[in-house]
Amino acid sequence: MSKLKFYLPVFGFIVVGIALWRGLYLDPKTLPSMLIDKPMPAFQLMTVDGKEVTNEALPEQIFLLNVWGSYCLPCLIEHPTLMRLSEEGEIPVVGVNYRDRQDLALNWLQENGNPFVFSILDEDGRFGIDLGVYGAPETYLVDSNGVIRFRHVSVLDETVWQEQFLPAISELRNGRGE
Amino acid sequence: MASTANLAKHWGKAAVFFSLLFSLLIPIVASAQVDTFEFETEEQQKRFRTLSNELRCPMCQNSSLSGSSGGVAEDLRREVYLMIMDGKSDREIMQFMYERYGDFILFRPRLTAETVLLWFGPLIFLAIGGFVGFGIWRRARKVNDKDVELDASQQERLQKLLDNKS
Amino acid sequence: MIPEVGQFSLILALFLSIVLGTLPIVGAYQNNYIWMSLARPLSAGVFVFLGISTAILAYAFLTDDFSVRFVAEHSNSLLPDRYKFTAVWGGHEGSFLLWTFMLSAWMLAVAIFSKAMPLEFVARVLGVLGFLITGYILFMLATSNPFDRIVPLPPANGADLNSALQDFGFIIHPPTLYMGYVGFSVVFAFAMAALLSGKMDAAWARWCRPWANVSWAVLTLGIALGSWWAYYELGWGGWWAWDPVENPPLITWLFGTALIHSLAVTEKRGVFKSWTVLLAILAFSGSLLGTFITRSGLLTSVHAFASDPSRGFFILAILGITVGGALLLFAFRAPLMKSEFGFDLVSREILLLANNVVLVVAAASVFLGTLFPMVYQGLTGDLISIGPPYFNAIFIPLMALLVVLLAIGPFCRWKRTSPAFLIQQLSKVGIAALGLGVALPLIVIQELSISATIAVALSAWIVLSILKDFSIKTANKDSLLKGLKALPYNYYGMQTAHMGMAIMLIGVALTSTFSSEKSVLLSPGEEVELADYTFQFGGTYPVNGPNYVGNEALFTVMKGGNELTTLHPQSRVYLATGTPSTEMAIDAGFLRDLFITLGEEKGNDAWSMTIYVKPFVRWIWLGALFMMFGGFLAAADKRYRRLRRKQTESARDKARPKSMGEELQASS
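Residues numbered from 1 in each chain as written. Chains lettered and ligands numbered in written order. Predicted model: local features only at pLDDT ≥ 70, side-chain atom pairs only at ≥ 80, totals over all residues. Heavy atoms only, no water.

Our next topic: the overall build of chain C. The number of helices and strands found in chain C is 22 helices and 10 strands. For chain C, whose C-alpha radius of gyration is 27 Å, the value lies close to the compact-globule estimate of 26 Å for 668 residues. With respect to the three principal axes, the spread of C-alpha positions in chain C is 85 × 70 × 55 Å. In chain C, buried positions account for 60% of the 668 residues. Of the contacts formed within chain C by residues at least 6 apart in sequence, a portion of 73% connects residues at least 24 apart. For chain C, the exposed area adds up to about 25800 Å²; of that, 66% sits on carbon and sulfur atoms. Averaged over its 45 positive side-chain charges, chain C has a centre that lies 20 Å from the centre of its 41 negative ones. (Helix = DSSP H or I, 4+ residues; strand = E, 2+ residues; numbered from the N terminus. Rg over C-alpha atoms; globule rule 2.2 N^0.38 Å. Buried < 20%, exposed > 50% of the residue type's maximum accessible area, 1.4 Å probe, protein only. Contact = heavy atoms within 4.5 Å. Areas by Shrake-Rupley, 256 points an atom, 1.4 Å probe, with all protein chains shown as cover. Lys, Arg positive; Asp, Glu negative; His and termini not counted. Charge placed at Lys NZ, Arg CZ, Asp CG, Glu CD.)

This next bit is on the overall build of chain A. Per the secondary structure count, chain A includes five helices and eight strands. Counting helices and strands in the order they occur from the N terminus, chain A gives α-β-β-β-β-α-β-α-β-α-β-β-α. Taken over C-alpha atoms, the radius of gyration comes to 21 Å for chain A, far larger than the 16 Å a tight globule of 178 residues would show. Principal axes of the C-alpha set define a box for chain A whose edges measure 80 × 35 × 30 Å. Across the 178 residues in chain A, those meeting the buried criterion constitute 52%.

On to the sheet that holds strand β1 (residues 516-522) of chain C, then. All names here are of chain C. Across the sheet, four strands lie side by side as β1-β10-β9-β8; this open sheet has antiparallel pairing. Because the sheet does not close on itself, it has two edges, and the strands there are β1 and β8 (585-588). Mean inter-strand twist for the sheet, computed between neighbouring axes without regard to direction, equals 15°. Two elements, β8 and strand β9 (residues 592-601), share four bridges in a ladder whose sense is antiparallel. Bridge pairing links I586 to F595 in β9. (Pairing = 2+ DSSP bridges. Axes fitted to C-alpha atoms, helices over the stretch in contact; angles between N-to-C directions.)

Further remarks concern the interface of chain C and chain B. Listed by partner, the interface residues are 57 residues for chain C and 47 residues for chain B. Both sides together, the interface formed by chain C and chain B hides about 4500 Å², and carbon and sulfur atoms give 67% of it. Taken together, chain C and chain B are joined by six residue pairs in polar contact (both at pLDDT 80 or more). Looking at the side of chain C that touches chain B, the elements that each hand over two or more residues are α9 (202-234), α12 (309-333), α13 (348-380), α14 (388-408), β1, β7 (580-583), β9 and β10 (607-615) of chain C. (Buried area = accessible area lost by both parts, 1.4 Å probe. Polar contact = N/O pair within 3.5 Å; in protein donor to acceptor, adjacent residues only side chain to side chain.)

Our next topic: the sheet that holds strand β5 (residues 93-98) of chain A. Residue and element names in this part refer to chain A. Strand order in the open sheet formed by six strands is β1-β8-β7-β4-β5-β6, with mixed pairing between adjacent strands. Two strands close off the open sheet at either side, each with one partner strand: β1 (38-39) and β6 (119-122). Pairing geometry for β1 and strand β8 (residues 147-153), over two bridges, is antiparallel. Across the sheet, K38 pairs through a bridge with I148, a residue of β8. Its contacts with the sheet put helix α2 (residues 73-87) on β4 (63-68), β5 and β7 (138-142), and the angle it makes with β4 is roughly 155°.

The next subject is the packing of aromatic side chains. What the rule picks out here adds up to 48 aromatic pairs over all chains. On the basis of an interplanar angle of 10° and a centroid distance of 4.9 Å, the ring pair of C:W242 and C:F391 is categorised as stacked. Placement of the pair is C:W242 in the loop between α9 and α10 (247-269) and C:F391 in helix α14, with a sequence separation of 149 residues. Residue classification places C:W242 among the buried positions, given a relative accessible area of 5%. Following the ring pairs from residue to residue traces out a cluster consisting of B:W119, C:W240, C:W242, C:Y390, C:F391 and C:F395. Between the NZ or CZ atom of C:R124 and the centre of the ring of C:Y29, over which it lies, the distance is 4.9 Å. Over the ring of C:Y548 we find C:R572, and its NZ or CZ is 3.8 Å from the ring centre. (Phe/Tyr/Trp six-rings, centres within 6.5 Å; stacked < 30°, edge-to-face > 60°. Lys NZ or Arg CZ within 6 Å of the ring centre and 35° of its normal.)

Residues and elements named next belong to chain C. Over its 24 residues, helix α11 (residues 273-296) extends 35 Å from the first C-alpha to the last, a length consistent with the 34 Å expected when each residue adds 1.5 Å. Across the 24 residues that make up α11, a large majority, 22, are buried. G297 sits one or two residues past α11 and shows a positive phi near 75°. (Expected span 1.5 Å × (residues − 1).)

Next up on the list: the state of the cysteines. Residue and element names in this part refer to chain A. Under the definition given, this model contains two disulfides over all chains. One disulfide bridge connects C72 with C75, the sulfur atoms lying 2.1 Å from each other. When the S-S torsion is 90°, as for the bridge of C72 with C75, the disulfide is right-handed. Judged by relative accessible area, C75 falls into the buried class, the value being 2%. (Disulfide = S-S within 2.5 Å.)

Residues and elements named next belong to chain C. Put simply, helix α8 (residues 168-197) and α10 touch, their axes get as near as 11 Å, and they point 45° apart. Classified by the angle between their axes, α8 and α10 sit oblique to one another. Crossing handedness for the pair α8 and α10: left-handed. Where α8 approaches α10, its residues L177, Y181, F184 and V187 are matched on the opposing element by P248, P249, T252, G256 and L259. (Parallel < 35°, antiparallel > 145°, perpendicular 65-115°, else oblique. Left-handed = near helix turned anticlockwise from the far one by under 90°.)

Moving on: the nonpolar core. Counting 183 residues, the largest nonpolar core has C:F190, C:W204 and C:L254 as its most contacted members. Of all the elements, α8(C) adds the most residues to this core, at 17 residues. Beyond its immediate sequence surroundings of up to four residues, C:L254 is in contact with C:L359, C:A362, C:A363, C:V366, C:F395 and C:M399. Core analysis: the second largest hydrophobic core is formed by 71 residues, A:F116, A:F118, A:I148 and B:A73 among them. (Core = buried A, V, L, I, M, F, W, Y, C linked by side-chain atoms within 4.5 Å.)

Take the pattern of salt bridges next. Counted under the stated rule, the structure contains 33 salt bridges over all chains. When the shortest N-O distance is used, the salt bridge between A:E88 and A:R84 registers 2.9 Å. Residue classification places A:E88 among the exposed positions, given a relative accessible area of 53%. Here the salt bridges share partners, and the residues they tie into one network are A:R99, A:R126, A:D130, B:E74, B:D75, B:R78, B:E79, B:E99 and B:R100. (Salt bridge = Lys/Arg side-chain N within 4 Å of Asp/Glu carboxyl O.)

A:P137 follows A:A136 through a cis peptide bond whose omega is -5°. By secondary structure assignment, the location of A:P137 is in the loop between α4 (126-131) and β7. With an omega of 0°, the peptide bond between C:V151 and C:P152 qualifies as cis. Summarising the element assignment, C:P152 is placed in the loop between α7 (119-143) and α8. The backbone phi angle of C:D532 is positive, close to 75°, even though this residue is not glycine. Within the element layout of this structure, C:D532 appears in the loop between β2 (527-530) and β3 (533-544).

Residue and element names in this part refer to chain C. Where α7 contacts α8, the two axes come as close as 8 Å, and the packing angle between them is 125°. Between α7 and α8, the angle is such that the two are oblique. The crossing of α7 and α8 is right-handed. Between α7 and α8, the contacting residues are E120, F121, R124, V125, V128, L129 and L132 on the first element and S185, V186, F188, A189, F190, M192, A193, A194, L196 and S197 on the second. Tallied by class, residues from the contact of α7 with α8 come to 13 nonpolar, two polar and two charged. (Nonpolar A, V, L, I, M, F, W, Y, C, P; charged D, E, K, R; others polar.)

Written out as structure tokens, the structure reads:
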């Protein structure tokens, strides 16, 4: 029995080694959203066009909430996908213009195209904090009752749309109704 | 090995996206943040500093709110300031942050069923260490007593030697 | 052309290290004199070729060879020459080459300073080190080649060295840290040699101790330099963040401290043999763990190099083979190393055993806290953060316990000490320490502070016990001076290092409790007060550096109406990348630091800034320096330099009943 105790270090090391090996497959940087299955935070803000909006203005169907900024390079990269989604009427996209300047935002939309039903103006990032935003671009999937169901951080390209959003949407449609 | 290559590709893509994502928003390590918030009391300022140290910057590489500049960190510090001035308690402020950013933003992990081993681990280690040390000492003492005690024949020999010497 | 020579040199070093890692070890088994004696020349060869590779990489930087990818990623033509040189370790590939080169330097040192050891032993030690270097070079050639070229079009200029690294601290911290870190590979090799041969005696411990002490001393310096650098570079007064990349050197250091104490017991009393070997393996695995965490992207950290999982898997494989293999060998061979000496409940052995328990628990706890987020994520899918609040809550009580034990240890004799003697000596020290703890803070700051009292009391506990022990050890001599001269370096080393703990303890506790800071917006001519000092803002003016532009501010610091000094913090923008950064201005003092960090200009020449007053912060690193000196002193003890010691003489020495003076001398 006393000889077995000398095997404890090796055994401990194997356990640690397996943990480290598994750990290499994890991504420690993407925060899971705390708002999954919770309603959209209440807001009463202006849009980039200067209109006042509240939660009432949100679409009464499944929609995307996209956090973007004119300074944000990846937002430009995902822009064509958002344009396609909005132009083909596949899903409405509501924007949150995050920590930006209104004039720069309007310019950006003018130059590149506006896929958004409307864009909430969040110059000081306060609304972003309520959403738990930590960096643009982020996209939320919100159901017809205004409940957040899914969040994707970083670029939303066609692959992400196919592989992550479409399955989530069909699950919503089947399970919880339009 | 094939799966590793795929994994590397996937990670490579992720790395590119993340570096783009963070390139404009990542705070620079060497530039410390400087806010100029006005507090009414010394205690409020102390609370602000403590809370800024206890909260993690959600977009940075493992620094606290107080040690990061720009972006979300700035906004969150402003929120902490406003909440302190609004009379909110430390607990309420931490709760506010937790509701939006989760456990990630708390540098002091909450004590839950999953973190029990974390918080009591060191105590358990100490108990094990003490136990093992005690066992070692007990064995050593047995050896010690053994080599100090002499049986009858050895006692005789010792006596003879001592007698001879003197 | 020249970078290819560098790569070729690396390959040559690989071939030599492969031979080194096999033939001498096999030779030791077969008693093959020729194969064993290959070890020393092969070690020299590996060192030479790794040195050539490193020199060529430095040359590529200094000649702005941007066709080499590593140079292009970390340098720029405008970069000052000294930073071009240090950029060698400014990124993963180069720093790993430096790491490996330093290991070969240690290996060469062992080859040179091992005349007293039998060839069989030296062959095994150098063989193990050669085996390690083989793994490292393979890693470089497979995943992290510093000599990779950019084809077909090299850039016209490089991406510049990260502005945070263009600093004096970066010149000295990584090389020193690596030097200490890598030094524990030597002790590991000694331990492996003992396991491979199946024998370990007091001679082994005597050979091992200087290497352990020097590695430990250099690692202490390396960690302290990192802390000091972070303090003045980051600009907000922090000096230890419990970051996942900072923790592994600390874990190694904690295991290393336990090791140097355990070695003392093994050398003097022949006990704790297998435990000492295990500690050597654990300390070494701490250094590999650090390499793994820093370079694999496993954990999020401010220090991490750009991550690449294929590197992570490779390092994990190296970890598995070396540490896993060592622990397996340990399981087989350690039971053979039986110790047959006993000791009493109150004895130096017990105190050192307790020291080891506390240090190993501390190392295990830091390890737990560092890796727990990863385990948590693996099991639950959620992310948690473990930061300073957790680590401080765990670490500080353990260190307090260690400090209490620390003062008692030197008073205990080996094997058995009379408890009455201990109580008689230490009760006075204890009461005096408590008295000082209560009185000093009251006198200085005129208010009651629990943390200050505890810190001063614990520190006084150490200092007074050191003085008391000196008085006991010199009591029988003709004069104090004669008594002091008779004490061995070993003893001075111990007390110096312990004194370092006391100093560092004061620095840590008092700076954490009594630091103050203030953030303000000032226009030129305005002033702000903080902790008895007045800071007058004199405005800013533009400055130009070799590769940056910026603004420099002028501050006049006054105390009690008298001008003390001026401070010139800067706000810079580096030209190559456009990254902004601040250079804080520090007035460093023995009893306190004053520093100012600039924020931004907010219109009309008004600037935001933060002022800091940090009492006793320098004592943190002063304490570390004392510890380092203590380690070097202990390693310099005459007994390690004695060429031969007659076996009979030492055996007779052990058997003879000792006089009080001799016993005291031997027990140090």
